[in-house]
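# Remarks on the overall topology
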Amino acid sequence: MTPIISSSELKNIPAENLIILDARTGKDVKQNYLEKHIRGARFIDLDKDLAEIGENAAFGGRHPLPSVEKFAETLSDLGISEEAHIVVYDDKSASNAAARAWWMLRSFGLEKVQVLDSGMQAAEKAGLEFSSGEEKFDKAALIKKNHWSLPVSSLEVVENELTNDSSTVIDVRDAYRYKGESEPIDLVAGHIPGAINIPFSENLDESGNFLSPEILKEKYSQFLKDKPEHLIIHCGSGVTACHTILALDYAGFPIPDLYVGSWSEWSRREGKEIAKDI
């Protein structure tokens, strides 16, 4: 199953076993969901459901993964079974929590998971039906898992791989953040020494849709030419990094490692070198 689905394709999916997740983020996001969402969509919260935020971002970053057991409870509460066909959307061209939700659902072991191309905006243009208020659904039986199945890297692994030149570490943040010109979210501007910058926005066309698998394959093959094959992807806090992991999977590459702590962890950890290109 391709990880990307268009609004027109979503229109034609049988309702049986289909679960749509609204993964929008931002101020008053739950109220925004209650006011308007794709009909039948169930709200999933980045900070509460897709992360377990700790006291100190220097250890785990701003959006650490929750335990797999806690995520299993979230899925049960959302009525998600192992047979479900899940489609996730956000309002940022799938570049934010929709991609993070996709990664977590896949890493949990669910196979039929797709992200809505260009998100809520595309759904509106395509004439999908919208509704408001809470959606009613039943809980599902708890799915028992004991580990995340997709590869992750820790700060220590990233540092060791870069020291040994055995992995390519990709920072998907905007170029101005990578270069250290300014930093709108974290405490320090700059990047991990040795990481290369391929902004996640380059996965999209001018309309906010994912580039075709063929174009993505060609682009990343050129980017990664003559570099170590093993990939580690990071961003600010392990959220938009999943957008590039999604794009790589869509293009047919092996799913790379996610450095969940990302820049928010590295930049706060005492003694870690910070590079700038200014």
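Keep in mind the model is a prediction, meaning the values are calculated, not measured.

### Some remarks on the pattern of salt bridges
Under the criterion given, the structure shown has 18 salt bridges. For Lys-70, the salt bridge is made with Glu-52, and the minimal N-O distance between the two is 4.0 Å. Here Lys-70, found in helix H4 (residues 68-77), pairs with Glu-52, found in the loop between helix H3 (46-49) and H4; they are 18 residues apart in sequence, far enough to count as distant. For Lys-70, a relative accessible area of 31% corresponds to the partly exposed category.

### Re the sheet that holds strand S9 (residues 168-171)
The sheet built from 5 strands is open, its strands ordered S8-S12-S11-S9-S10 with parallel pairing. Here the strands that pair on one side only, and so sit at the sheet edges, are strand S8 (152-153) and strand S10 (196-197). Bridge analysis of S9 against strand S11 (residues 231-234) gives 4 bridges, and the strand direction is parallel. Bridge assignment links Asp-171 to a residue of S11, and that residue is His-234. The sheet strands contacting helix H10 (residues 241-250) are S11 and strand S12 (257-259), and the helix crosses S11 at an angle near 140°.

### So, the sheet that holds strand S1 (residues 4-5)
As summarised here, the arrangement of the 5 strands in space is S1-S6-S5-S2-S4, forming an open sheet in which the pairing is parallel. The sheet is open, and its two edges are formed by S1 and strand S4 (42-43), each paired on a single side. Alignment of strand S5 (residues 85-89) against strand S6 (residues 113-116), held across 3 bridges, turns out to be parallel. What sits directly across from Val-87, in S6, is Gln-114.

### Some thoughts on the packing of aromatic side chains
Here the structure, examined in full by the defined rule, presents 6 aromatic pairs. With a centroid separation of 5.5 Å and an interplanar angle of 45°, the aromatic rings of Phe-71 and Trp-148 are classed as tilted. With Phe-71 in helix H4 and Trp-148 in the loop between strand S7 (130-131) and S8, this pair connects stretches of sequence that are 77 residues apart. For Phe-71, a relative accessible area of 0% corresponds to the buried category. The exposure class assigned to Trp-148 is buried, which follows from its relative accessible area of 18%. Ring centres of Trp-103 and Trp-148 lie 6.3 Å apart, and the angle between their planes is 40°; this geometry places the pair in the tilted category. Taken as a pair, Trp-103 in helix H5 (residues 97-108) and Trp-148 in the loop between S7 and S8 lie far apart in primary sequence, 45 residues in all. One cation-aromatic arrangement involves Lys-36 over Phe-130; the distance from NZ or CZ to the ring centre is 5.2 Å. Geometry around Phe-253 places Lys-217 over its ring, the cationic atom sitting 4.2 Å from the centre.

### Quick notes on the UniProt feature "domain: Rhodanese" (unreviewed entry) in the chain
According to UniProt, the positions carrying the feature "domain: Rhodanese" (unreviewed entry) are residues 14-132 and 163-275. Summarising residues 14-132: 34% helix, 17% strand, and an end-to-end C-alpha distance of 22 Å. For residues 163-275, the helix share is 28%, the strand share is 12%, and the end-to-end C-alpha distance is 15 Å.

### Points about the environment of Glu-83
Inspection of the secondary structure assignment puts Glu-83 in the loop between H4 and S5. In this structure Glu-83 comes out as partly exposed when scored by relative accessible area, which is 46%. The spatial distance from the C-alpha of Glu-83 to the C-alpha of Leu-110 is 8.3 Å, given a sequence separation of 27 residues.

About the criteria used
Residues numbered from 1 in each chain as written. Predicted model: local features only at pLDDT ≥ 70, side-chain atom pairs only at ≥ 80, totals over all residues. Heavy atoms only, no water. Salt bridge = Lys/Arg side-chain N within 4 Å of Asp/Glu carboxyl O. Helix = DSSP H or I, 4+ residues; strand = E, 2+ residues; numbered from the N terminus. Buried < 20%, exposed > 50% of the residue type's maximum accessible area, 1.4 Å probe, protein only. Pairing = 2+ DSSP bridges. Contact = heavy atoms within 4.5 Å. Axes fitted to C-alpha atoms, helices over the stretch in contact; angles between N-to-C directions. Phe/Tyr/Trp six-rings, centres within 6.5 Å; stacked < 30°, edge-to-face > 60°. Lys NZ or Arg CZ within 6 Å of the ring centre and 35° of its normal. UniProt positions renumbered as here; feature names shortened; annotations may be inferred.

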